[in-house]
Amino acid sequence: MKFGGTSVGRPERMHQVADLVTRDAEPKIVVLSALSGTTNTLVSIGESMAKGDRDTAREVIERLEAHYHEFITILLSQDASRAKAGAIIREHFEFLRIILRISFNDALSKDILAQGELMSTKLFSVYLEEKGIRHELLPALEFMSIDAYEEPHVPEIRQRLEAILAKHPGVGLFVTQGYICRNARGEVDNLKRGGSDYSASLIAAAAGASMCEIWTDIDGMHNNDPRIVERTFPIEQLSFDEAAELAYFGAKILHPASIWPAQHYKVPVRLLNTMQPDARGTLIVEEAGSQGVKAIAAKDGIIEVRVKSSRMLLAYGFLRKVFEVFEKYRTPIDMITTSEVAVSLTIDHATHLDAIVRELEPFGDVETTRDHSIIAIVGNQIAQTQDILARVFSSLSGVPVRMVSYGGSDHNISILVPGGDKKKTLQLLNKGLFGLD
Ligand code: ASP
Ligand code: MG
């Protein structure tokens, strides 16, 4: 069971999490994020330190510490447990203040980021203790790891996790940190922002869990972005493939990397709502459950790169040369369309854009435009759904569609629109494909 930042971000919510994990006696591992807002704050502390602005870093540290001390006065009711939690908080903030005084580097910034999950789990543990709930805290840094390419390996994680679990026979409740891990150099590292979902899926796979529950603040994956479109509904069942497409193309509820461990090790995933624990949420399993359009998601900040060349006409090897440039700069391509004299493709970050454009220029005219959104329309066998393209395009009259990708995947039709048209596009598709205004 993994609980996200908002699920532990207030003391009352943490109380609720304790209720949820003790609802039945099934053995479980509970994975927690940092309290909401903490990781962002830790990021900003690291940024201030990197700039040499220690005063700002110190101020932010003080403010965050005050927040934690306030948090435990509501979380806990007994003096002894408050004293214990207070000592935990002081220890972690003392560590941050020590970092303030030494010269800053990348490894230290990872140490800073790890404090959020370390504190949330320890404070939760003190609360469970206060309530007399038997449990063990599992240090994720002792079993969660990534290799030199930042990839985790389930068999290795399993080996270490099993050894630790074996030390606690008879314990049915374990609590551990999401997000944090050790890297190939043995340093503290993490699975990137939002990585607690990934931790949960890896742990579920490693432990041979019967289910991986991801508890957030929404009742499952919705058919459209509920922050933008008014009438949306939770999807009952998704296949791993559909969920992967939705997560990758912007459904914020689930970290995209968290799909593969569950899929590969055949652990069903359920997305649930801490605020509405009895809602069914979304079940993600191998089978899609139904065919046709399931959901729409949008990914922002997309850059379109277009290479036009009349020399491309009838030339072979052109696409290879273009792709090699992106490969050289380790920049993944999301969408691609070609015509006889041009190729358009999209990337989602501009880190190496200037260099890429420079190297593409010998092949033809290169044009780049920024701030587009990819709208992904996802569903099992969607490409074979009758009239699907007609329905998509008749819904979108008036929207200046820049690119379309159809047929590349059985589960996805993607269109590229200017970022400013995203909202309208999502609303029009909600009406055209789901009949909801
Ligand atoms: N606390 C980390 C973050 O905010 C990891 C997570 O919550 O998934 O990115
Ligand atoms: Mg998250």
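Described in the following lines is the structure provided in the data block. (Residues numbered from 1 in each chain as written. Chains lettered and ligands numbered in written order. Predicted model: local features only at pLDDT ≥ 70, side-chain atom pairs only at ≥ 80, totals over all residues. Heavy atoms only, no water.)

What about the site of ligand 1?
What counts is decided by this rule: Note on terminology: near, applied to a residue and a molecule or strand, indicates that one of the residue's heavy atoms is within 4 Å of it. Pairing of N or O atoms within 3.5 Å defines a polar contact, subject to two protein rules: one partner must be a possible hydrogen donor and the other a possible acceptor, and residues neighboring in sequence count only if both atoms are side-chain atoms. Per-residue and other accessible areas follow the Shrake-Rupley method at a 1.4 Å probe size, with only the shown protein chains counted as cover for residues. Residue classes follow a fixed rule: Ala, Val, Leu, Ile, Met, Phe, Trp, Tyr, Cys and Pro count as nonpolar, while Asp, Glu, Lys and Arg count as charged, and any other residue, Gly among them, counts as polar.
In the vicinity of ligand 1, the contacting residues are Ser33, Ala34, Thr39, Glu117, Tyr179, Arg193, Gly194, Gly195 and Ser196. Between Ser33 and ligand 1, the recorded distance is 2.9 Å, taken from a side-chain N or O atom to an oxygen atom. For ligand 1, the protein covers 86% of the area, taking 260 Å² as the surface of the free molecule. Considered class by class, the residues forming the shell around ligand 1 number two nonpolar, five polar and two charged.

A word on the packing of helix α7 (residues 154-166) against helix α8 (residues 196-207)
Let me state the cut-off plainly: Note on method: axes are straight lines fitted to C-alpha atoms, helices fitted across the in-contact stretch only, with angles between N-to-C directions ranging 0 to 180 degrees. For the purposes of this entry, the term helix denotes a DSSP run of H or I that reaches at least four residues, the term strand denotes a run of E that reaches at least two, and both are numbered from the N terminus. If an angle is under 35 degrees, it is roughly parallel; if it is over 145, roughly antiparallel; if it lies from 65 to 115, roughly perpendicular; otherwise it is oblique. Handedness of a crossing is defined here by the sense of rotation of the near helix relative to the far one, left-handed for an anticlockwise turn of less than a right angle and right-handed for a clockwise turn. Two residues qualify as a contact provided that any one of their heavy atoms is within 4.5 Å of a heavy atom in the partner residue.
In the contact formed by α7 and α8, the axes pass within 8 Å of each other and the chain directions differ by 70°. With respect to α8, the element α7 is oriented roughly perpendicular. As for the relative orientation of α7 and α8, their crossing is right-handed in sense. Residues Val154, Ile157, Arg158 and Leu161 of α7 form the contact with α8, whose own contacting residues are Leu202, Ile203, Ala205, Ala206 and Ala207. For the contact of α7 with α8, the class distribution of residues is eight nonpolar, no polar and one charged.

Here's the deal with helix α11 (residues 318-328)
What counts is decided by this rule: Only protein chains enter the calculation, and the probe is 1.4 Å; a residue is then buried if its accessible area is under 20% of its type maximum, exposed if over 50%, and partly exposed in between. In this description, the arc belongs to the directions extending from the helix axis to the C-beta atoms.
Among the residues of α11, those classed as buried are Phe318, Val322, Val325 and Phe326. The arc that holds every buried residue of α11, seen down its axis, measures 95°, which confines them to one face. Turned more than 90 degrees from where α11 packs its buried face, Glu327 and Lys328 sit exposed. Next to the buried residues of α11 lie β11 (295-308), β13 (342-347) and α12 (353-360). Just beyond α11, the residue with positive phi is Arg330, at close to 45°.

Details of the sheet that holds strand β9 (residues 269-273)
Put simply, the test is: For two strands to pair, DSSP has to find at least two bridges joining them.
Strands sit in the order β3-β4-β2-β1-β7-β9-β10-β8 across an open sheet of eight strands; the sheet is mixed. A strand with exactly one partner marks an edge of an open sheet, and here the two such strands are β3 (136-138) and β8 (237-239). Direction of pairing for β9 relative to strand β10 (residues 282-285): antiparallel, over a ladder of three bridges. Within the sheet, the bridge partner assigned to Leu271 lies in β10 and is Thr282. Helix-sheet contacts for helix α6 (residues 106-130) involve β2 (28-32), β3 and β4 (173-177), and the interaxial angle to β4 is about 155°.

Thoughts on the pairing of strand β14 (residues 365-378)
One ladder, built from eleven bridges, connects β11 with β14; its direction is antiparallel. By the bridge assignment, Lys308 is partnered in β14 with Asp365.

With respect to the sheet that holds β11
Judged by pairing direction, the sheet is antiparallel, and its six strands sit side by side in the order β12-β13-β11-β14-β16-β15 without closing on themselves. The open sheet has two edge strands, β12 (336-338) and β15 (403-409), and neither has a second partner. Between one strand axis and the next, the sheet turns by 25° as a mean value, whatever way the strands run. Relative to the sheet, helix α9 (residues 240-248) contacts β11, β14, β15 and β16 (412-418), its axis offset from that of β11 by approximately 65°. Together, β11, β12 and β13 form the strand contacts of α11, whose direction differs from that of β13 by roughly 20°.

Re helix α13 (residues 388-395)
Taken together, the buried positions of α13 are Ile388, Val392 and Ser395. All buried residues of α13 fall inside an arc of 70° around its axis, so they share one side. Next to the buried residues of α13 lie β14, β15, β16 and α14 (422-434).

As for the packing of helix α5 (residues 79-101) against α6
Between α5 and α6, the shortest axis-to-axis distance is 10 Å and the interhelical angle comes to 175°. By the angle between their directions, the pair α5 and α6 is classed as roughly antiparallel. For the pair α5 and α6, the contacting residues are Ser81, Lys84, Ala85, Ile88, Ile89, Glu91, His92, Phe93, Phe95, Leu96 and Ile99 in the first and Leu108, Asp111, Ile112, Gln115, Leu118, Met119, Lys122, Leu123, Val126, Glu129 and Glu130 in the second. Partitioned by chemical class, the residues of the contact of α5 with α6 number 13 nonpolar, three polar and six charged.

Details of the pattern of salt bridges
Condition: A side-chain nitrogen of Lys or Arg and a carboxyl oxygen of Asp or Glu constitute a salt bridge if their distance falls within 4 Å.
Tallied over the entire structure, the rule returns 25 salt bridges. A salt bridge links Arg227 to Asp225; the shortest N-O distance between them is 2.8 Å. The buried category is assigned to Asp225, whose relative accessible area is 12%. A salt bridge links Lys328 to Glu359; the nearest nitrogen and oxygen atoms lie 2.7 Å apart. With Lys328 in helix α11 and Glu359 in helix α12, the pair connects residues that are 31 residues apart, well separated along the chain. According to the relative accessible area criterion, Lys328 is exposed, its value standing at 52%. Judged by its relative accessible area of 27%, Glu359 is partly exposed. Beyond isolated ion pairs, a larger network of salt bridges with shared partners links Glu62, Glu65, Glu94, Arg97 and Arg101.

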